Amino acid sequence: MTANLLDYDLEGLALFCERLGEKRYRAVQLFRWIHQKGAVCFDDMTDLAKSLREKLATTAHLSAPSVLSQHQSSDGTIKWLFDVGGGDAVETVFIPEDDRGTLCISSQAGCAVGCRFCSTGHQGFSRNLSTAEIVGQLWFAEHFLRKHLKQSQRVISNVVMMGMGEPLQNYAALLPALRVMLDDHGYGLSRRRLTVSTSGVVPMMDRLALDCPVALAVSLHAPTDSLRDHLVPLNRKYPIAELFDACTRYLVHAPRDFITFEYCMLDGVNDQVEHALELVRLVRPQGGIGLSCKFNLIPFNPFPASGLVRSNGAQVQLFARTLSDAGIVTTIRKTRGDDIDAACGQLAGDVRDRTGVDERILRQRRIVIHPSPEATGADRGQA
Ligand code: SAH
Ligand code: SF4
């Protein structure tokens, strides 16, 4: 079994080169060929000595997950479904905007946290992605888009770890992947433009702060432990007070001077003015300075098995106003790629249900699920 070079950050690649009896600086050349130029085979790497290329051909390979399908939305959003083997698939979404291009990347097939409002959570956990599978999503998307848009410059300026999975429950694979994204010889992203989103894995937030402090988004979704215990079951292990302490510690190292709290707006569940006022008391206790944060309200993307409903627009506006009147910067996330199910929490919509939870609930409601072409692999190779 040869080594997949997408698994290595620059330091890992340097060690690999040393094991081949090559100088460490060769790793920089190799790394740039892979990530900056998108080379797919060693023979393309013309400035590497032939002897090194020959060694690489027998000891290494470059392999990203293969594309099962690609969908483009009328607003320019592109969603890819990647095959990661064993019947598992993960999704990656590219969101173009006037001043930036954002790639939303998956970190796991499924997720063990099991949030009530998340279709990945309903699917259950299948497995962690490897570093190569995480980096491979960016490698593929960046070089695909450059070709597609006939652009030689970088297309992806921002990466958010907000696809399927809880990135901080796959830390060992995540860390080298983040380093590849940040490396000037790799994708050269700034720490402020690389965001890890977490449901609140407290010990790993501390690790990330020390190892690789990037922008942090925390999925809060509720102002009290009793409600959050229900919506985000991980809260039973790391309740809100502990989570907030971890956020305060993170800010010492963070590239931005605030934490972004994500808050999924669920009709009648967490979207009342009283909830907003509780959030204000939580982040600004006794009207004091409290925790430096911004809120990003996400209109819930419904899926049948959740039994939940999206808050109406007026309620979201009222909630946002209540927070901003208290001096908390609040944004409402635009939904993108609605026509291709690329919005948050819909990413797993077509992927096999691992736990059977969705199917059981649907059966109780007498709704029949028809497998989509993606789930059956019928449009494999479309991209
Ligand atoms: N596991 C990480 C990152 C992936 S989820 C986390 O939970 O933060 C990325 C974001 O999408 C999270 O804020 C999550 O709460 C939100 N999300 C999940 N399902 C959603 C849905 N159905 N509608 C709207 N947002 C959702
Ligand atoms: Fe996992 Fe995040 Fe979905 Fe919760 S919201 S189940 S942590 S992917």
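These numbers were taken from a predicted model, which means no experiment stands behind them.

Moving on to unusual backbone geometry. In the Ramachandran plot, Lys 150 falls in the positive-phi region, its phi being about 50° despite a non-glycine side chain. Relative to the helices and strands, Lys 150 resides in the loop between α5 (131-148) and β9 (158-161). Looking at Lys 150, the relative accessible area reads 76%, which means it is exposed. Non-glycine residue His 221 carries a positive phi angle of around 70°. With respect to the helices and strands, the residue His 221 is situated in the loop between β11 (215-219) and α8 (225-231). Overall, the relative accessible area of 4% leaves His 221 in the buried class.

Turning to the nonpolar core, a few remarks are in order. Among the nonpolar cores identified, the biggest contains 113 residues, and Leu 5, Met 181 and Phe 261 are the most heavily contacted of them. Three or more residues apiece are contributed to this core by two domains, here domain 1 (3-61) and domain 2 (66-379). For Leu 5, the residues in contact, after removing those within four places along its chain, are Leu 13, Phe 16, Leu 30, Ile 34, Phe 42, Leu 56, Ala 60, His 61 and Leu 62. Grouped together as the second largest cluster of nonpolar side chains are six residues, Val 93, Cys 104, Met 162 and Ala 217 included.

Tallying each qualifying case throughout the model produces one cavity of 30 Å³ or more. Along its surface, the largest cavity is lined by 30 residues, and Phe 117, Cys 118, Met 162, Gly 163 and Ser 219 are the ones closest to its centre. For the lining of the largest cavity, the elements supplying multiple residues, two or more each, are α4 (119-123), β10 (194-198), β12 (259-265) and β13 (293-299).

Conventions adopted
- Residues numbered from 1 in each chain as written.
- Chains lettered and ligands numbered in written order.
- Predicted model: local features only at pLDDT ≥ 70, side-chain atom pairs only at ≥ 80, totals over all residues.
- Heavy atoms only, no water.
- Helix = DSSP H or I, 4+ residues; strand = E, 2+ residues; numbered from the N terminus.
- Buried < 20%, exposed > 50% of the residue type's maximum accessible area, 1.4 Å probe, protein only.
- Core = buried A, V, L, I, M, F, W, Y, C linked by side-chain atoms within 4.5 Å.
- Domains from an automatic or database assignment.
- Contact = heavy atoms within 4.5 Å.
- 1 Å grid on protein atoms, 1.4 Å probe; cavity = no way out; pocket = protein on both sides within 12 Å on 5 of 7 lines; lining within 4 Å.
- Points joined across faces, edges and corners; volume = space filled by probe spheres on them.

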